[in-house]
Amino acid sequence: MSTEHALAYAAFAASRLGVPLTDEELRHAAGRAVAKQAELAPLYAALPGAPVEGTLTFRPGNQAVRGEAGSQIDG
Amino acid sequence: MTVMDPPLTIADCATALRSGQLSSVQLVSAMHEYANAVDPLLGVFTTRYVEQSLEAAAGADRELAAGLDRGPLHGIPLGIKDIIASREGSTSASSAVVDPSWWADQDAPVVARLRSAGAIIVGKTSTMEYALGEPDSDQELAQPRCAWDLDRWAGGSSSGSASGVAAGLMLGALGTDTGGSVRLPAAFNGITGHKPTFGLVPKSGVHVLGFSLDAVGPMAPTARDCALMLDVIAGPDSSDASSAHRPAVGYAASLESHDPDLSGLRIGVDLAAIRNREGCDSTLLGLFEQAIGVLTEEGATIVAIESPSWPLAALSAAVCWQVDALAYHRDLVRERWREFGRGIRAMFIEGLLVTPSDYVVAGRVRRMLCDHVSATLADVDVVLSPTHGTGALPYELRSGSSVDETAFTAIWNLTGGPAVSVPMGMTARGLPLGLQIAGRPFQDARVLALADAFQRLTSHHLARPPIAREPFTRPLAAAGKESR
């Protein structure tokens, strides 16, 4: 991501949420937008091993029903 | 009891209160006197409730004298992390951005339970801003320091709760734990901190950091003390939608009253992953292996396991709480951005940079990690690791929100099971290191029992920071009390 694109992206993300960043914070956010791509890359790299399950009232993969002993509702 | 041998644990103080060797008023007065002397250095409290707590202590003494005994916490001074509501005053969350009407004049259910059990609320303890942003020295707020070294950070985010217990300004405290915020400061300050199973302790009246990660937990000198507190605060509450429909099970009663016998206990350890982790203190691995040796000598079996990727877990949890925090504080962020400290503003920026796909991917990785941990805990009873790779960090390097700092701890928030940190020794610099014991969901009694067994077999938890020793004796001496 180029510096210009990073700045534009950070400005868009902040304005969409209504966060009044200063110019300095905007530059920081742009830098973090670039760095964060690399930092979160391991999550994407691990994805092939992740189960393909949505958020339901039960877990299709193992048939465990939410609220049963030991189950945890994830978010 | 001589003035050089004051009761340092909830359990011992409970005994002393009932034998007449000590009154709650003396105990609470003594702790406020220590706080007068050392809190300007430590930054434990955001607010102290001196008059209210002394009045409550007098009431507790009257009740005991009249034969009304509310249980082991009766007359015991406790601190409350200042993101948890208590009726004595407003909740500051260590922030300048406060809504004074939030839970005004009300107790969070956990505080109400402690109060009903006779506990004395001595004050609110400092935290990172809303348990997220590091203390901002530009703001006139408590700057919490490690009780063992005032040039070091107490750990976050239950900072004041940990250093306050370590310094002897309270006998126990409530903390909250989203990625390690009970266990990390407990480890840094040489006390015991327990993150209960998700949903075991109600979270109403507690500011949110991670909706599906947060847990309110006890912090105290020993695992037995944590169990005594958990006995009171655990159990369902209809005001919390994520509260588990499970009754408390008598955690303190489940601890052994005799020498531990760990025969048959299967302990999972990924020694290779710990050995290969970079940046750890040079004493960490040796102390961890010594801790394992203590348990195997009593009959426990060590089972080699392959841990899920700790960095991946910490990353998944961080994405979750960065977004959750932004969602929870959305209105204040829009309206009062400049009033927040620098640290929490930086964390909000992290949240707004998380893309929808990042969030979904983090959730899917979380499910994968849950499956991994479930499979591991089908074969072993508990999993051991260090709580953190180093002792308390120098104050200028403080963060508490950094992903890497939660490497050993966040996995148990993501997957929901209980985890306790107990002291396991000291670095060459004399800083405490923590041993983490984690287990299956709702088997809090098992991890606390093993933590208690470890403390029966070792003396690491008895070490007190220098700042705790001298001031602790003076008020009791002034009170002229002697016993034992």
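None of the values given here were measured: they were computed from a predicted structure. (Residues numbered from 1 in each chain as written. Chains lettered and ligands numbered in written order. Predicted model: local features only at pLDDT ≥ 70, side-chain atom pairs only at ≥ 80, totals over all residues. Heavy atoms only, no water.)

Student: How would you explain the pattern of salt bridges if you had to name every residue and give the values?
Tutor: Inspection of every chain in the model, using the stated rule, returns 20 salt bridges over all chains. Between Lys 36 of chain A and Glu 350 of chain B there is a salt bridge; the shortest N-O distance is 2.7 Å. Pair noted here: Lys 36 of chain A is in helix H2 (residues 23-39) and Glu 350 of chain B is in helix H12 (residues 342-352), and the two residues belong to different chains. Across the pair, exposure class does not vary: Lys 36 of chain A and Glu 350 of chain B are buried alike. Among the ionic pairs, Arg 70 of chain B bridges to Glu 63 of chain B, the shortest N-O distance being 2.7 Å. (Salt bridge = Lys/Arg side-chain N within 4 Å of Asp/Glu carboxyl O. Helix = DSSP H or I, 4+ residues; strand = E, 2+ residues; numbered from the N terminus. Buried < 20%, exposed > 50% of the residue type's maximum accessible area, 1.4 Å probe, protein only.)

Student: Describe the confidence of the model for chain B, and please don't skip the residues or the numbers.
Tutor: Residues shown with low pLDDT carry predicted positions that ought not to be read at fine detail. All names here are of chain B. A residue-level look at chain B finds 94% of positions with pLDDT of 70 or above and a mean pLDDT of 92. Segment residues 1-5: pLDDT under 50, and 16 contacts once partners within four positions in sequence are set aside and those in other chains are kept. Under a pLDDT of 50 for its full length, residues 471-484 has, in the predicted model, 33 contacts with residues more than four places off or in other chains. Here the complex is predicted with pTM 0.93, and the ipTM for its interfaces comes to 0.89. (pLDDT = per-residue confidence, 0-100. Contact = heavy atoms within 4.5 Å.)

Student: Would you mind going over the side chain of Arg 115 of chain B in detail, with residue names and values included?
Tutor: Residues and elements named next belong to chain B. The topology assignment puts Arg 115 in helix H4 (residues 109-116). Polar side-chain contacts of Arg 115 include one of 2.7 Å to the side chain of Asp 107. Sequence-distant contacts of Arg 115, that is, excluding residues within four places in its chain, are made with Ser 86, Arg 87, Glu 88, Asp 107 and Ile 121. (Polar contact = N/O pair within 3.5 Å; in protein donor to acceptor, adjacent residues only side chain to side chain.)

Student: Before we move on, can you summarise the sheet that holds strand E1 (residues 45-48) of chain B with the specific residues and values?
Tutor: Residue and element names in this part refer to chain B. Reading across from one edge, E1-E3-E2-E6-E8-E7-E12-E13-E11-E9-E10 is the order of the 11 strands in this open sheet, with mixed pairing throughout. Taken across any chain shown, the strands that pair with only one partner, and hence form the sheet edges, are E1 and strand E10 (301-304). Sheet twist, expressed as the average angle between the axes of neighbouring strands with direction ignored, equals 30°. Inspection of the sheet shows strand E12 (residues 419-426) paired to strand E13 (residues 432-439) by 7 bridges, in the antiparallel sense. Bridge pairing in E13 places Pro 423 opposite Gly 434. (Pairing = 2+ DSSP bridges. Axes fitted to C-alpha atoms, helices over the stretch in contact; angles between N-to-C directions.)

Student: An account of the environment of Glu 25 of chain A is needed here, citing residue identities and associated values.
Tutor: If you trace the backbone, Glu 25 of chain A turns up in helix H2. In this structure Glu 25 of chain A comes out as buried when scored by relative accessible area, which is 11%. Taking the C-alpha atoms as reference, Glu 25 of chain A lies 15 Å from Glu 4 of chain A; in sequence the two are 21 residues apart. When neighbours within four sequence positions are excluded, Glu 25 of chain A is seen to be in contact with Pro 20 of chain A together with Trp 337, Arg 338, Arg 345 and Ile 349 of chain B. Separated by 3.0 Å, the side chain of Glu 25 of chain A and the backbone nitrogen of Thr 22 of chain A make a polar contact.

Student: So what's going on with the environment of Ala 167 of chain B? Which residues, and what values?
Tutor: Residue and element names in this part refer to chain B. In this structure, Ala 167 sits in helix H5 (residues 159-167). Exposure remark for Ala 167: the relative accessible area of 3% places this residue in the buried category. Taking C-alpha positions, Ala 167 is 13 Å from Ala 30, a pair spaced 137 residues apart along the chain. Non-local contacts of Ala 167, meaning those with residues more than four positions away in its chain, are made with Leu 42, Ala 147, Ile 467 and Ala 468.

Student: Please provide a residue-by-residue account of the pairing of strand E5 (residues 149-153) of chain B, values included.
Tutor: Judged from the 2 bridges that link them, strand E4 (residues 145-146) of chain B and E5 of chain B form a sheet pairing that is antiparallel. Within E5 of chain B, the residue paired with Arg 145 of chain B across the bridge is Trp 153 of chain B.

Student: Now, about the confidence of the model for chain A: what can you tell me, with residues and values included?
Tutor: Residues with a pLDDT of 70 or more make up 69% of chain A, whose mean pLDDT is 81. Contacts for the low-pLDDT stretch residues 69-75 of chain A, under 50 throughout, to residues beyond four places or in other chains number 23 contacts.

Student: Summarise the interface of chain B and chain A; cite the residues concerned and give the values.
Tutor: Taken together, the 39 residues of chain B in the interface contact 37 residues of chain A. In total, about 3300 Å² of surface goes out of reach between chain B and chain A, with carbon and sulfur atoms giving 60% of it. When residues of chain B are sorted by the area they lose upon contact with chain A, Leu 353, Arg 364 and Arg 367 of chain B head the list and together hold 22% of the total. At the boundary of chain B and chain A, one finds 3 salt bridges. In this structure, the connection of chain B to chain A is made through 9 residue pairs in polar contact (both at pLDDT 80 or more). When residues of the side of chain B that touches chain A are traced back to their parent elements, those giving at least two are helix H10 (310-328), helix H11 (330-335), H12, helix H13 (356-379) and helix H14 (410-415) of chain B. If you tally residues by element for the side of chain B that touches chain A, the top one is H13 of chain B, at 12 residues. Here the side of chain B that touches chain A is composed, by residue class, of 19 nonpolar, 9 polar and 11 charged. (Buried area = accessible area lost by both parts, 1.4 Å probe. Nonpolar A, V, L, I, M, F, W, Y, C, P; charged D, E, K, R; others polar.)

Student: How would you explain H10 of chain B if you had to name every residue and give the values?
Tutor: Residues and elements named next belong to chain B. The end-to-end C-alpha separation of H10 is 26 Å, in line with the 27 Å expected for 19 residues at 1.5 Å each. For H10, the tally of buried residues reaches 15 of 19 residues, placing the bulk of the element in the interior. For H10, the N-terminal cap is Ser 309; the gap from its side-chain oxygen to the backbone nitrogen of Leu 312 is 3.1 Å. (Expected span 1.5 Å × (residues − 1).)

Student: Quick one: what's the story with the state of the cysteines, residue by residue and with numbers?
Tutor: All names here are of chain B. Inspection of the entire model under this criterion finds 0 disulfides over all chains. Of all cysteine sulfurs in the structure, the one in Cys 226 sits closest to Cys 146, which takes part in no disulfide; the separation is 18 Å. A disulfide-free cysteine, Cys 320 has its sulfur positioned 11 Å from the sulfur of Cys 370, the nearest such atom. (Disulfide = S-S within 2.5 Å.)

Student: Quick one: what's the story with the packing of aromatic side chains, residue by residue and with numbers?
Tutor: Residues and elements named next belong to chain B. Tallied over the entire structure, the rule returns 7 aromatic pairs over all chains. Centre to centre, the rings of Phe 211 and Tyr 328 are 6.4 Å apart; their planes meet at 75°, and the pair counts as edge-to-face. Highlighted residues: Phe 211 in the loop between strand E7 (192-195) and strand E8 (215-220) and Tyr 328 in helix H10, separated in sequence by 117 residues. For Tyr 328, a relative accessible area of 28% translates into the label partly exposed. Of the aromatic side chains, those joined through ring pairs into one cluster are Tyr 130, Trp 337, Phe 340 and Phe 348. Between Arg 145 and the ring centre of Tyr 395, over which it is positioned, the NZ or CZ distance is 3.7 Å. The positively charged end of Arg 277 is found above the aromatic ring belonging to Phe 408, 5.3 Å away from the centroid. (Phe/Tyr/Trp six-rings, centres within 6.5 Å; stacked < 30°, edge-to-face > 60°. Lys NZ or Arg CZ within 6 Å of the ring centre and 35° of its normal.)

Student: How would you explain the nonpolar core if you had to name every residue and give the values?
Tutor: Residue and element names in this part refer to chain B. Counting residues in each nonpolar core, the largest one holds 158 residues, and the members touching the most others are Ile 84, Leu 169, Leu 174 and Leu 384. Take this core: its biggest share by element is 12 residues, from H10. Ignoring sequence-local partners within four residues, the contact set of Leu 169 consists of Met 31, Tyr 34, Ala 35, Val 38, Asp 39, Leu 42, Val 44, Phe 45, Val 122 and Gly 164. Core analysis: the second largest hydrophobic core is formed by 5 residues, Trp 148, Phe 188, Ala 392 and Leu 431 among them. (Core = buried A, V, L, I, M, F, W, Y, C linked by side-chain atoms within 4.5 Å.)

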